[in-house]
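Here is how the chains run, residue by residue.
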Amino acid sequence: VVSRRDFLGAAAAGAGLLAAARAVPGQQATGLPGAEMSGEGYLPVRLPPKPGAEPSMTPDERDALERRIACPCPCTLDIFTCRTSMPCEFSPAIHRDVMALVDGGHSAQEIVDAMVGVYGEAILMMPRKEGFNWAGYLMPFAAIGGGAAVILGILRAWRREAEAAPASEAPVVDATPDELARLDAALRRDG
Amino acid sequence: MTLLGELALWVALVMAAWGTTVSFAGGVLRTRSLITSGERAVYATLAFVILASLGLISALLRSDFSVRYVASYTSANLPTPYKISAFWAGQSGSLLFWTLVLATYAAVAVWLNRRRLPELAPYVTGTLSAVTLCFLLVTAFGSNPYERLSWLPPDGRGMNPQLQNPGMAIHPPNLYFGYVATAVPFAFAVAALITRRLDAEWLGAVRRWTLLSWFFLTIGILLGMWWAYVELGWGGYWAWDPVENASLLPWLTGTAFLHSIMVQEKRGMLRTWNVTLVIATFLLAVFGTFITRSGIISSVHSFAQSTVGYWFAGFLMVGLGVSAYLVSTRLRDLEATARLESMVSREATFLFNNLLLVGIAFSVLWGTLFPIISEAVRGTKITVGAPFFNQVNVPLGLGLLALAGIGPLIAWRRASVANLRRQFTGPIISGVVAGVLLLALGMRDVHAMIAYVLGAFVMGTIVQEFAKGARARRVLYGEGPGAALTHLIARNRRRYGGYIVHAGIVVLFAAFAGLAFKKEFDVSISPGETFAATDPFGREWTFASNGVSRFEQLNRQVTAIALTATRAGGQAALITTEKRQHVDSRGAPTFEPSTEVGILETWRQDVYVVLAGVAADERAEIRITFNPLVRWVWLGGAIMLVGGLVVMWPQGERRRAEGGYLAPLEPAAATAGD
């Protein structure tokens, strides 16, 4: 049974949380492919070709580069993957830009930097490993490490308690006493 | 019928409000008439939600385009099965469908437990009614499927072509069955916390409902993977999309609970943790709904912008607040009745298994929310895509796989060195042999190698456990190998069903590791031309274009290319891939073109062909992908589901024997003087 004090405490907590929920930031449009596009969509990325330029990488290396670039459509895929499968107008256009930059002799890093310069960091499939982004990479492992440390601490404390207390519990075995007796006999018979 | 359905929605809302009020009042005042009234309100709510659902289905089937929802998601020429699946294809319809599933579960849970747990029952009824009320409020006020248009359009907008797929017709309902089932354990947890009846009594019902949720979530996730693979055409089955992640979160915490509950049942430990996991699983299911429907995160799967996100944010906050309050004020009642005696024990491995499962859930949640966090902290938008999730979760997943092999080998309470040596020898040998074989075969990918070695280790554990159990039965009962194995599983379904699930997980991991060897080719090919490629196994393939064809089919215009694929020394096979332009009943194009993938499936690999486009000179742009071991993903999933069914299958009454033994009540035991 809930006491009046508990009930009022819960009601106050609930009211506070409801008030907090009203402060949820505004919502952005999203949708199925072809319905609505998120972000700013396609923006041309152009760099002048280097003198006497030749393609700076092989098609395989270019594909690998395109896997590092995120498509602005809501597909959450990279340019290489999106451009043949999704009904998307952006990834084929960005692919053409990448091909032009490769033909212009620009390196993978220069192309990535140019893309980031135009679209911002969101054009990368994963955040750069720098500054606050490290929190993204390290937090899961830190949380698990912290959890492991807490568990180990609790286990040690429990073990000390168990060692201090006299053993009183019967062993927990998933069988009836009758089954155990027969198992014991069979094992003895089996040698 | 449309008007009747709309009226039924409002009456259901009133019924749920009544059920919530009188059930909690009945529980507090201990008044039987109020409790009974609350139970009846649950059944009445279900009846009216069914009526409301039938009203919408009727409007969809009749193409009543005066209803905005019908006009937004269907067209007159939409095939009938998809008119029915349109019930859950859009925002407001799927909310009503969700409510229908919830009302059904609530009625079943109340019916099954009305006498079994009399003290908890009113609070279970009240909590389920409250959750139903929340969903009815969102449906009625936030996104009403019965909203009318001020004019009557000649045809509807139609259904997104990518949703016109059998997998998509059945994938969302299964996910909803799974998501919604988490509400019942949550209701039991709330009831147990309110009444402070936190012994093992409530766990029985909670375990069954969590298993049901886990089972449907597994089906839903697998069907979603299959749909993504055959329909979206990007060559994979899991993209770490926020909405995919949202379905994984309650699955992970639910799986953690299904493991840790054993520690509470056997040893009386982890009581606070188990209650927390039950609550977290439900709240993560609501969080998934929030993500899918609020529009805060961009996803291919999310619904269009609406205000329902605010409702779910409020719901989530209230649920979190009430749960935190209840748990924090009941910590003394949740204290463990036993203590861990050794770090080398089954319960310790379960703890680390839970740590990794919850850790993976956290990392998925963190990665999903990190773009929002980054924007809030730095004011910079970033993308957290598949490479991030793979980098963080692959090591954690491999750790989890290792624990699936280690856990069953270690005894409860305390394992001796001799016991460890005896138990681990076989599985370790199988892992080492697999590693040596793969090295000899030339495998050099580190992650794949670790996955296969650990997979062999876990399989060694599973085979050893089955072999030992079957051998014991043969000695005890003189049964043949087949009968011993069958009876072994039948007599201890939880344990051996669990091992079958583990076997499915191993097959899944092996299949996932196969993706490390995926090969893709972009090809521009004219009719009559051929293209040669080498697959990941070093075998030569030739693809010959049989030409491009264009035709009309149902509600779409199709452009298709047929390829003859021939493996050196093998038979030729025909692979057809299409681009589809869907049209409305007047022949006008709707939506963007969609892709229909051509797949040549074998146990070794899939040859996956996507038509990107066709130029005026009939030259087709295609992508050919060799996807190793994809069929094993579906097989692994099927094995997991079989294991889940074995675990869920009702078993005869069990009793707790004197002296702490947990044992099945069998004839042999009955004759022993029980």
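Residues numbered from 1 in each chain as written. Chains lettered and ligands numbered in written order. Predicted model: local features only at pLDDT ≥ 70, side-chain atom pairs only at ≥ 80, totals over all residues. Heavy atoms only, no water.

With that settled, consider the overall build of chain A. In terms of regular secondary structure, chain A is built from seven helices and zero strands. Tracing chain A from N to C terminus, the helices and strands come up as α-α-α-α-α-α-α. Among the 191 residues that make up chain A, the fraction classed as buried is 39%. Residue pairs in contact within chain A that sit at least 24 positions apart in sequence constitute 59% of those at least 6 positions apart. Accessible surface for chain A amounts to roughly 10,000 Å². Of this, 60% is attributable to carbon and sulfur atoms. (Helix = DSSP H or I, 4+ residues; strand = E, 2+ residues; numbered from the N terminus. Buried < 20%, exposed > 50% of the residue type's maximum accessible area, 1.4 Å probe, protein only. Contact = heavy atoms within 4.5 Å. Areas by Shrake-Rupley, 256 points an atom, 1.4 Å probe, with all protein chains shown as cover.)

So, about the overall build of chain B. Of regular secondary structure, chain B possesses 20 helices and 11 strands. A compact globule built from 674 residues should have a C-alpha radius of gyration of about 26 Å, and chain B, at 27 Å, falls within 12% of that. Projecting the C-alpha coordinates of chain B onto the three principal axes gives extents of approximately 85 × 70 × 55 Å. Across the 674 residues of chain B, 60% fall into the buried class. The long-range fraction of contacts in chain B, counting pairs at least 24 apart against all pairs at least 6 apart in sequence, stands at 71%. For chain B, the accessible surface area stands at approximately 25,500 Å², while carbon and sulfur atoms represent 65% of it. Here chain B carries 54 positive and 39 negative side-chain charges, and the mean point of each set is 10 Å from the other. (Rg over C-alpha atoms; globule rule 2.2 N^0.38 Å. Lys, Arg positive; Asp, Glu negative; His and termini not counted. Charge placed at Lys NZ, Arg CZ, Asp CG, Glu CD.)

This next bit is on the sheet that holds strand S8 (residues 605-614) of chain B. Residue and element names in this part refer to chain B. Ordered by their spatial adjacency, four strands build an open sheet running S1-S9-S8-S7, and the pairing between neighbours is antiparallel. The two strands at the open ends of the sheet, each matched to only one other strand, are strand S1 (519-525) and strand S7 (598-601). The sheet shows a mean angle of 15° between the axes of neighbouring strands, direction not considered. Pairing between S8 and strand S9 (residues 620-628): nine bridges, direction antiparallel. Counterpart to Gln605 in the pairing with S9 is Pro628. (Pairing = 2+ DSSP bridges. Axes fitted to C-alpha atoms, helices over the stretch in contact; angles between N-to-C directions.)

For the rest of this paragraph, the subject is the environment of Phe282 of chain B. Within the secondary structure, Phe282 of chain B sits in helix H11 (residues 271-294). Remark: the alpha-carbon pair of Phe282 of chain B and Ala187 of chain B, spanning 95 residues in sequence, is separated by 9.5 Å.

Below, the discussion takes up the sheet that holds strand S2 (residues 530-534) of chain B. Residue and element names in this part refer to chain B. Pairing is antiparallel across the open sheet formed by five strands, whose spatial order is S2-S3-S4-S5-S6. Of all the strands in the sheet, just S2 and strand S6 (594-596) have a single pairing partner and so form its edges. The mean angle between the axes of side-by-side strands here comes to 25°, regardless of whether they run parallel or antiparallel. Here S2 runs beside strand S3 (residues 540-553); their pairing, made up of five bridges, is antiparallel. Across the sheet, Phe531 pairs through a bridge with Phe543, a residue of S3.

In this section: the side chain of Ser374 of chain B. If you trace the backbone, Ser374 of chain B turns up in helix H13 (residues 346-378). Owing to a relative accessible area of 0%, Ser374 of chain B belongs among the buried residues under this scheme. Once residues lying within four places of it in the same chain are set aside, the contact partners of Ser374 of chain B are Phe132 of chain A together with Gly379, Thr380 and Ile382 of chain B.

A cluster of nonpolar residues, Met1, Leu4, Ile50 and Leu54 of chain B, forms a patch on the protein surface that exposes about 340 Å² of accessible area. Within the element layout of this structure, Leu4 of chain B appears in helix H1 (residues 2-29). (Patch = residues over 30% accessible without salt bridge, like charges linked within 9 Å, V, L, I, M, F, W, Y side chains within 5 Å. Salt bridge = Lys/Arg side-chain N within 4 Å of Asp/Glu carboxyl O.)

With that settled, the discussion passes to the packing of aromatic side chains. Residues and elements named next belong to chain B. Counted according to the given criterion, the structure contains 46 aromatic pairs over all chains. Between the aromatic rings of Tyr496 and Tyr499, the centroid separation amounts to 5.6 Å while the plane-to-plane angle is 80°, which identifies the pairing as edge-to-face. With Tyr496 and Tyr499 both in helix H18 (residues 493-514) and three residues apart, this pair spans about one turn of that helix. Comparing Tyr496 with Tyr499 shows no difference in burial state: the two are buried. (Phe/Tyr/Trp six-rings, centres within 6.5 Å; stacked < 30°, edge-to-face > 60°.)

Residues and elements named next belong to chain B. Across the interface, helix H10 (residues 242-267) lies against H11 with an axial gap of 9 Å and an inter-helix angle of 165°. When the axis of H10 is compared with that of H11, the two are roughly antiparallel. Classified by chirality, the crossing of H11 by H10 is left-handed. Residue-level inspection shows Pro242, Val243, Ala246, Leu249, Pro250, Thr253, Gly254, Ala256, Phe257, Ser260, Ile261 and Gln264 of H10 in contact with H11, the latter providing Arg271, Trp273, Asn274, Leu277, Val278, Thr281, Leu284, Ala285, Phe287, Gly288, Ile291 and Thr292. (Parallel < 35°, antiparallel > 145°, perpendicular 65-115°, else oblique. Left-handed = near helix turned anticlockwise from the far one by under 90°.)

What follows covers helix H14 (residues 386-406) of chain B. Taking 1.5 Å per residue as the helical rise, H14 of chain B with its 21 residues ought to reach 30 Å, and the 29 Å between its terminal C-alpha atoms agrees with that figure. A bend of about 35° at Asn393 of chain B is the largest found in H14 of chain B, and the proline Pro395 of chain B appears one to four places after it. (Expected span 1.5 Å × (residues − 1). Bend = angle between axes of the 7 residues up to and from the residue.)

Here we come to the confidence of the model for chain A. With 65% of its residues at a pLDDT of 70 or more, chain A shows a mean pLDDT of 75. When pLDDT is averaged over each helix and strand of chain A, the minimum, 45, is found for helix H1 (residues 4-21) of chain A and the maximum, 94, for helix H5 (residues 108-119) of chain A. (pLDDT = per-residue confidence, 0-100.)

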